[in-house]
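# Structural characterization, general
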Amino acid sequence: MVSSSQHNELEGLACGVEASLSGKAWRWRGGNMALGSGGMAGGDLVTQLLTARGVAPDDIERHRNPTLRGFLPDPSIFHDMDVAAERLAQAVLTGESVTIYGDYDVDGATSSALLIRLMRELGANPAHYIPDRLLEGYGPSGEALVRLGQAGSSLVVTVDCGAMAHEALEMAHDAGIDVIVVDHHKCAAENPRTVALVNPNRLDSTDEAASYGHLAAVGVAFLLGIALVRTLRQRGFFDARAEPDLMGLLDLVALGTVADVAALHGLNRAFVAQGLKVMAHRRNAGLNALIDASRLKRAPQCSDLGFALGPRINAGGRVGESTLGVRLLTGEAGDEVHDIAARLDVLNEERRAIEAEVQAAAEEHVAGQHNRSVLVLSGHGWHPGVIGIVAGRIKEKSGKPVIVVAIDDQGEGKGSGRSISGVDLGAAIIAASAQGLLVKGGGHAMAAGLTIEAGKIDAFADWVDGLLARDVERARAGQATIIDLSVAPRGLQPELVNQLEIAGPYGVGWPAPRVAVGPVKLVKVDIVGNGHVRVIASGNDGARFKGIAFRAAESDLGQVLLHGSHGRKFWLAGRVKIDDWGPVAAAELHIEDAAFAD
């Protein structure tokens, strides 16, 4: 049980920490849940966790076990969904030549693979087209669409791109090519000329449809798949043949959703929860090969999609061949998928090396922009395939929106930006494009891409800084380390991790619970790997546990842990994980913040 001294220590943290090592105040989500060495104070941990996150009491069970039945909407609520389903059904019924035109990232690859695999089950044999990141850039080009039409495709379906491709789609229309756009990026006031634009983020969406604006493109593609099967069913297509296994495609939906950093609430949580179950059966030969190449010895977890599988598929589009991801995910069992998976693994290592070089170069420019609310970092010769990752890394360090621009020999810059919660970067990029500061640009609230003339970068940097300065100030002022649960050191057990996992899967928009553990003394602290700070901590209850603060060696947090404790006691805050490297599984803490406890 919890001793009176432990109880007082745990309850004492409830008032919040105003001066943590990260500079952020600690705040409780919903109310202090305190767990000592004996058990939960106040009932079922999962119920309290869900309640603290705003789930109504009568909706707890739906969120405890998120299923498609509980969260799936009628696809017809989305503009043009039924039109798109009818046009695709016509193509299936008549044997028409169809090409799936996807983006070169994981969301594009999974969206393309989902529609290709579904249409194969329906007896069609669609082709695919993935543009080269370096030679063609993001989105459909008019020239490429016309070439596809000349090669015989009378219907093209763009996935994860196309919402802002007005000129390209106009060219396709003039050439007599039907185009269906399946996207989730922000749209302009005027929609492009298409047979159908299926996108919950259309400005003319109903409130109900717009509430699904957090879906990744692969989620929208899955809903189109449901609508297509329903349309074919109504036409009697399945009177003499079996219906396709739509649920069997959820492994692709889960991968694309997590890798695209889509918010994991509502339908997306259901997609990922059920998709992980499908992935565990390893029926997709390409995914199976990729899991082996990633050296995973267990069924993939949500974090593996974002940190192991997704980066390898992305590596093809970033520094290799853009079609590798689609070919892997649509391939059949055999040597080819294993060869592709091995190739992606090698490319991922190359990507890491390139990324490190670009990040080091970009960080040299950060100090000169300390007075900026939005950091715009540019350089000649930077590899455009890694600038999005670099922008994300620097955003995490600086706490500000960051745009990284790679300038080529012709003086054209390719930029990728990452934002902070509360600052809509995609809308700003679209506005900058309308102002004539960009060649083109688009995206969503947390991520955006652009093309810019090198000579306009300084003017753009001034403009976007002025536009977003107040938003950034408000967002940063409201930043805090949100704590879900306080734990005495002996309460940090594998059982706790397993209980918390019940309320998963976790990701952006539904973060893994952050646990505060303490008070503790640091018994041992050292640096491991690429600047990670590893600690062994000991509590007043005599319990010891391991913790690690990733990439923290040069941060204020890392420096205090390494050199500044002088025997003082800490509260450590972070995510709890299972450490299964030793003979006996143990719980460890992935440290994100700390505060002195004395």
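It should be noted that the structure appears before, not after, this text.
Attention here is on the structure that accompanies the text.

Thresholds applied
- Residues numbered from 1 in each chain as written.
- Predicted model: local features only at pLDDT ≥ 70, side-chain atom pairs only at ≥ 80, totals over all residues.
- Heavy atoms only, no water.
- Helix = DSSP H or I, 4+ residues; strand = E, 2+ residues; numbered from the N terminus.
- Rg over C-alpha atoms; globule rule 2.2 N^0.38 Å.
- Buried < 20%, exposed > 50% of the residue type's maximum accessible area, 1.4 Å probe, protein only.
- Contact = heavy atoms within 4.5 Å.
- Areas by Shrake-Rupley, 256 points an atom, 1.4 Å probe, with all protein chains shown as cover.
- Lys, Arg positive; Asp, Glu negative; His and termini not counted.
- Charge placed at Lys NZ, Arg CZ, Asp CG, Glu CD.
- Core = buried A, V, L, I, M, F, W, Y, C linked by side-chain atoms within 4.5 Å.
- Polar contact = N/O pair within 3.5 Å; in protein donor to acceptor, adjacent residues only side chain to side chain.
- Pairing = 2+ DSSP bridges.
- Axes fitted to C-alpha atoms, helices over the stretch in contact; angles between N-to-C directions.
- Salt bridge = Lys/Arg side-chain N within 4 Å of Asp/Glu carboxyl O.

### Points about the overall build of the chain
- A tally of regular secondary structure across the chain gives 21 helices and 19 strands.
- What you see for the chain is a C-alpha radius of gyration of 25 Å, in line with the 25 Å of a compact globule of 598 residues.
- If you line up the chain on its principal axes, its C-alpha atoms span 75 × 60 × 45 Å.
- When burial is assessed residue by residue, the chain has 55% of its 598 residues classed as buried.
- Of all intrachain contacts in the chain linking residues separated by at least 6 positions in sequence, the fraction that spans at least 24 positions is 66%.
- Carbon and sulfur atoms make up 49% of the accessible area of the chain, which totals about 24800 Å².
- Side chains of the chain give 56 positive and 72 negative charges; the mean places of these two sets differ by 5 Å.

### Some remarks on the nonpolar core
- Judged by nonpolar contacts, the single largest core of 138 residues is most densely connected at Leu 114, Val 157, Phe 222, Phe 570 and Leu 572.
- With residues near it in sequence (within four places) discarded, Phe 222 still touches Leu 68, Leu 114, Leu 246, Leu 250, Val 253 and Phe 271.
- One finds Val 405, Leu 425, Ala 428 and Leu 450 within the second-largest nonpolar core, a separate group that totals 23 residues.

### Structural notes on the side chain of Thr 99
- Within the secondary structure layout, Thr 99 lies in strand S3 (residues 98-102).
- For Thr 99, a relative accessible area of 2% gives the class buried.
- A distance of 2.6 Å separates polar atoms of two side chains, one belonging to Thr 99 and the other to Ser 153.
- Excluding residues within four positions of it along the chain, Thr 99 makes contact with Ala 127, His 128, Tyr 129, Leu 148, Ser 153, Leu 155, Val 156 and Val 157.

### Considering unusual backbone geometry
- Looking along the chain, the bond that leaves Gly 504 and enters Pro 505 is cis, with omega of 0°.
- Considering the arrangement of structural elements, one finds Pro 505 in the loop between helix H20 (494-501) and strand S15 (515-528).
- Cis geometry is adopted by the peptide bond preceding Pro 519, which originates at Gly 518 and carries an omega value of -10°.
- Take Pro 519: it is sitting in strand S15.
- For Arg 295, which is not a glycine, the phi torsion comes out positive at approximately 60°.
- Looking at the element boundaries, Arg 295 is found in the loop between helix H13 (285-293) and helix H14 (302-319).
- Positioned with a positive phi, Arg 551 is a non-glycine residue whose angle comes to about 50°.
- By the element assignment, Arg 551 lies in the loop between strand S17 (544-549) and helix H21 (556-563).

### Observations concerning the pairing of strand S6 (residues 178-182)
- S6 sits mainly inside the fold: 4 of its 5 residues count as buried.
- Across 5 bridges, the pairing between strand S5 (residues 155-159) and S6 is parallel. Bridging from a neighbouring strand, Thr 158 pairs with Val 181 of S6.
- Across 3 bridges, the pairing between S6 and strand S7 (residues 196-198) is parallel. Within S7, the residue paired with Ile 180 across the bridge is Ala 196.

### Thoughts on the sheet that holds strand S12 (residues 447-453)
- In spatial order, the strands read S8-S9-S10-S12-S11; together these 5 strands make up an open sheet with mixed pairing. Looking at which strands have only one partner, the edges of the open sheet turn out to be strand S8 (375-380) and strand S11 (440-443). The mean angle between the axes of side-by-side strands here comes to 15°, regardless of whether they run parallel or antiparallel.
- As paired strands, strand S9 (residues 402-407) and strand S10 (residues 412-418) are joined by 6 bridges and run antiparallel to one another. Its bridge partner being in S10, Ala 406 is matched across the sheet by Lys 414.
- Docked against the sheet, helix H18 (residues 425-434) engages S9, S10, S11 and S12, running at close to 160° with respect to S11.

### Quick notes on the pairing of strand S19 (residues 586-596)
- Counting buried residues along S19, 8 of its 11 residues qualify, which places the element largely inside the surrounding structure.
- Inspection of the sheet shows S17 paired to S19 by 2 bridges, in the parallel sense. Along S19, the bridge assignment pairs Gly 547 with Leu 589.
- For strand S18 (residues 570-579) and S19, the ladder comprises 10 bridges, and the chain directions are antiparallel. Looking across to S19, one finds that Ala 573 is bridged to Asp 593.

### Regarding the pattern of salt bridges
- In this structure the tally under the stated criterion is 35 salt bridges.
- Its salt-bridge partner being Asp 484, residue Arg 29 comes within 2.6 Å of it at the nearest N-O pair. Separated by 455 residues along the polypeptide, Arg 29 in the loop between strand S1 (25-28) and strand S2 (34-35) and Asp 484 in the loop between strand S13 (480-483) and strand S14 (485-487) bring together distant segments of the chain.
- The partner of Arg 568 in a salt bridge is Asp 598, and the shortest N-O contact between them spans 3.1 Å.

### Structural notes on the sheet that holds S6
- Read across the sheet, 5 strands follow the order S4-S3-S5-S6-S7 without closing on themselves; strand pairing throughout is parallel. Edge positions in the open sheet fall to strand S4 (127-129) and S7, since each of these has one partner strand only. The sheet shows a mean angle of 20° between the axes of neighbouring strands, taken without regard to direction.
- Note that S3 and S4 share 3 bridges and pair parallel.

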